[in-house]
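Commentary on secondary and tertiary structure
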Amino acid sequence: MKKAVALFLCGCFWLSMCSCNFKKEAKTELTAMNTLMSIRVFSSSKANNQESLQLLVDRINELDALFDANNENSDVAIINGKNTEIKISEDTAKIIEKSILANTLTDGAFDITIMPVLKLWGFDNGNYGVPKKEEIKRTLSLVGYDKLFLEDDTLTKEENTLISLGGIAKGYLGDELLEIAKEYGVSAVISLGGNIVLCGENAEKGEWTVGVKNPLKTDELVCAFKHKGNVSVVTSGGYERSFKKDGKIYHHIIDTKTGEPAKSDLLSVTVIGEDGALCDAFSTALFSMGKEKAVKFAKEHNDFEYIFITENKEIIATDGVSSLELSDKTFIIK
């Protein structure tokens, strides 16, 4: 479940960074995990910036090579082959463990074995189509964590089991990048195409300012908020990838119970927390749950902040999202 650029830094952030007290900056852009990524690191040492920047780029490329289903040598491509017992890397084992945890916590609303259903709808390659109910039901029989068994570096699966890490890979990557930035003592802003990683402090004011994309006008912001560093910020929404057939729009966030695009009263879900992998998985699962169940889930698992945007143009946010300001006055903050 790949995410398009769903959240980006707003103008006031860029202005504050340009006038802040960091004496040195290093930055770069690259394409990985099917998205454009950007990295900016700040410290008082040019050498430190360059070294940390190179390590961040290397880590992105390393994990991209492991998780890219279209790379025949990747762990994901090998898992999706016919072999039922596969030796996998430490990173792949860790991300599958995290995926199993997310699946358990969300009562199956997040499930990396949903790949056969995504393929059925054409969300894997863009050859979209609306499958018949019988096809969906038959394909759903291939989905479920009972099809996977992980022990150390060995994954055992059923022959027709396929996985997609698109709903968690960038969250896991963000966690890895954050640890590198912290180790080198740099402040950093890392955009992973819908996932933002903030490390350290904005030296001018301490907190960072982040803008959330308007799900109804995706070239505009709907709101902005302030938050401390060392967190990931992840947004999911049905507007990110969809197609229209016979006048009806079908989006890519699949309800794991029905095998169809989730019928949600949420337009977008933003999750902010220290565990980027879980934030990534939760953003997809909470969207699929809908407002009532998502709010209940967040109250029961109060280790992350959220911003929910509803189909009624309401913005619902936790108290930890400070200085929330509207950019589009047609929405209201509840």
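What comes next concerns the included structure. Here the structure is a predicted model, which means the values were calculated and not measured.

Looking now at the overall build of the protein chain. Along its length, the protein chain carries nine helices and 18 strands. Taken against the 2.2 N^0.38 rule, which gives 20 Å for 334 residues, the C-alpha radius of gyration of the protein chain at 20 Å falls within 12% of a compact globule. Here the C-alpha coordinates of the protein chain stretch approximately 60 × 45 × 35 Å along the principal axes. With 334 residues in all, the protein chain has 57% of them scored as buried. Restricting the contact set of the protein chain to residue pairs at least 6 apart, pairs at least 24 apart contribute 64%. Accessible surface for the protein chain amounts to roughly 15,000 Å². Of this, 47% is attributable to carbon and sulfur atoms. Counting 39 positive and 50 negative side-chain charges, the protein chain places the centres of these two groups 6 Å from one another.

Compared with the 21 Å implied by 1.5 Å per residue over 15 residues, the 22 Å span of helix H7 (residues 169-183) between its first and last C-alpha is a close match. Counting buried residues along H7, 11 of its 15 residues qualify, which places the element largely inside the surrounding structure. Taken together, the buried positions of H7 are Ala169, Lys170, Gly171, Tyr172, Leu173, Gly174, Asp175, Leu177, Leu178, Ile180 and Ala181. Count one or two residues on from H7 and you reach Gly185, which has phi positive near 70°.

In total, this model carries 14 salt bridges according to the counting rule given. A salt bridge links Lys94 to Glu90, with the shortest nitrogen-to-oxygen separation between them at 3.3 Å. Placement of both Lys94 and Glu90 in helix H4 (residues 90-105) is noted, with a separation of four residues, approximately one turn of the helix. Taking relative accessible area as the criterion, Lys94 reaches 40% and is therefore assigned partly exposed. Glu90 sits in the exposed class, given a relative accessible area of 57%. Among the salt bridges present, the one from Lys147 reaches Asp146, with a minimum N-O distance of 3.3 Å. The exposure class of Lys147 is buried, given its relative accessible area of 10%.

About the cut-offs
Residues numbered from 1 in each chain as written. Predicted model: local features only at pLDDT ≥ 70, side-chain atom pairs only at ≥ 80, totals over all residues. Heavy atoms only, no water. Helix = DSSP H or I, 4+ residues; strand = E, 2+ residues; numbered from the N terminus. Rg over C-alpha atoms; globule rule 2.2 N^0.38 Å. Buried < 20%, exposed > 50% of the residue type's maximum accessible area, 1.4 Å probe, protein only. Contact = heavy atoms within 4.5 Å. Areas by Shrake-Rupley, 256 points an atom, 1.4 Å probe, with all protein chains shown as cover. Lys, Arg positive; Asp, Glu negative; His and termini not counted. Charge placed at Lys NZ, Arg CZ, Asp CG, Glu CD. Expected span 1.5 Å × (residues − 1). Salt bridge = Lys/Arg side-chain N within 4 Å of Asp/Glu carboxyl O.

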